Amino acid sequence: EHIGKLSLICELISQVRNRTSFDPPSPLGQQLVLGQGPGLKGFLDDGESLKVEQIRSIVDFVSLRTGDQDYSFCVIEHAERMTRSAANAFLKVLEEPSPRFVFLMTTRHEKKLLPTVRSRVQTFRCAAPSQQQLKTFLEQRVGNPVLVEELLRLSVGRIGLALTMKEDEELLERMRKLFDYAAIVGQEDLVDRFSLADHLTKKDLPNADLLQFLVYLSGALRRQGLSDRRSQLAQVQRVYRLFQDTQVNKRLFLEDLFLSL
């Protein structure tokens, strides 16, 4: 997440449409943000599943564009959000491709897509930039060297997260606290650890923050040496996948994890 997949899609569409770099305030930029416009249909991530009715609406959209000489685009962010019935409906659209109509999709979990869908698309795997590349990028946009180092540490290589924290002081402060929690959790007594587990699993705390805490905890364990922490690191990664993919009792699993530290 937060490494620029959707930004890459926006850049590609802008180059095809306007032969220029993507400009968010432009009419095309606003259409991409809204997920709709001439020759453009988008399903941007709103935290909800993609339903079959939404996917079926693509069929009508395609039929309206068949006479167009320009390329038309359908953007689907986090395509793994499709329900099973939506994925099957989407497969039917892919099986009958329309000329000059392009699907551009992102996913964080490629294997969650139907194998028959994966076999009909071209895959581009995006990786996080190196620390040096990210540092150079941030130095060009952030005047404060101390903040650059902090953004490097807190973003864990994710350029989108670094840029968002630069603009959002509240988010930056939340990430600071989560990083500090991860650094000291193994040093706290059991009562304090259970108190932290309660705090991190409160309903008003975004699940994304809990996942980010686990990312920071993995980093803290790695810095302490893999030879001593290998089993604990594997447990953190297992809990991360559980929290990401399933509805489980998060407090119970987090307490169990903290018992092992």
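Here's what I pulled together on the structure shown here. This one's a predicted model, so the numbers in the text were calculated from it and none came from an experiment.

What counts and how
The residue numbers shown here count from 1 along each chain, following its written sequence. The model is predicted, so local features are restricted to residues of pLDDT at least 70 and side-chain atom pairs to those at 80 or more, both for listing and for counting; the totals for chains, interfaces and linings are taken over all residues. In computing side-chain values, all of the structure's heavy atoms are included and hydrogens and water are not. Whether two strands pair depends on DSSP finding at least two bridges between them. Think of it this way: any DSSP run of H or I at least four residues long counts as a helix, any run of E at least two long counts as a strand, and we number them from the N terminus. Any helix carries an expected span of 1.5 Å times its number of residues minus one. Burial status follows relative accessibility: with a 1.4 Å probe on protein chains alone, a residue under 20% of its type maximum counts as buried, one over 50% as exposed, and anything between as partly exposed. Contact definition: two residues touch when any of their heavy atoms are within 4.5 Å. Patches were defined on residues exceeding 30% relative accessible area and lacking a salt bridge, with like-charge contacts within 9 Å and nonpolar side-chain contacts (Val, Leu, Ile, Met, Phe, Trp, Tyr) within 5 Å. In short, Shrake-Rupley with a 1.4 Å probe defines the accessible areas, and a residue's cover is counted only from the protein chains shown. Should a side-chain nitrogen of Lys or Arg be within 4 Å of a carboxyl oxygen of Asp or Glu, the pair is scored as a salt bridge. In this analysis an axis means a line fitted to C-alpha atoms, helices contributing only their contacting stretch, and an angle means the value between N-to-C directions, from 0 to 180 degrees. Angle categories are assigned with fixed cut-offs, so that under 35 degrees is roughly parallel, over 145 is roughly antiparallel, 65 to 115 is roughly perpendicular, and the rest are oblique. Handedness of a crossing follows from how the near helix is turned relative to the far one, being left-handed for an anticlockwise turn of less than a right angle and right-handed for a clockwise one. All amino acids are sorted into three groups, where Ala, Val, Leu, Ile, Met, Phe, Trp, Tyr, Cys and Pro are nonpolar, Asp, Glu, Lys and Arg are charged, and the leftover types, Gly among them, are polar.

Description of the pairing of strand β2 (residues 40-43)
Sheet topology places strand β1 (residues 36-37) next to β2; two bridges connect them, and they run antiparallel. By the bridge assignment for β2, Q36 is matched with K41. Linking β1 back to β2 in an antiparallel pair, the connection comprises two residues, with G39 at a positive phi of about 70 degrees. Two elements, β2 and strand β3 (residues 72-76), share four bridges in a ladder whose sense is parallel. Bridge pairing in β3 links L40 to F73.

Observations regarding the sheet that holds strand β4 (residues 101-105)
One open sheet accounts for four strands, arranged β1-β2-β3-β4; its pairing is mixed. The sheet is open, and its two borders are formed by β1 and β4, each paired with just one other strand.

Some remarks on helix α4 (residues 84-95)
Along its twelve residues, α4 runs 17 Å from first to last C-alpha, staying within 8% of the 16 Å computed at 1.5 Å per residue. Residues A86, A87, A89, F90, L91, V93 and L94 constitute the buried set of α4.

As for the environment of C74
Secondary-structure assignment places C74 in strand β3. Separated by 25 residues in the primary sequence, C74 and S49 have C-alpha atoms spaced 17 Å apart. Residues in contact with C74, not counting those within four places in the same chain, are K41, F43, I58, F101, V102, F103 and L104.

Things to note about a nonpolar patch on the surface
A grouping of L12, V16 and Y71 is seen on the molecular surface, where their side chains present a nonpolar patch of about 230 Å² in accessible area. Mapped onto the elements, L12 comes out in helix α1 (residues 5-18).

Concerning the packing of helix α7 (residues 145-155) against helix α8 (residues 159-167)
The N-to-C vectors of α7 and α8 enclose an angle of 130 degrees; their axes lie 9 Å apart at closest approach. Taken together, α7 and α8 sit at an angle that is classed as oblique. Note that α7 runs across α8; the crossing there is right-handed. Counting all contacts with α7, which are made through L151, L154 and S155, the residues of α8 involved are L161, A162, M165 and K166. A class-by-class count of the residues in the contact of α7 with α8 yields five nonpolar, one polar and one charged.

Geometry only, nothing functional implied.
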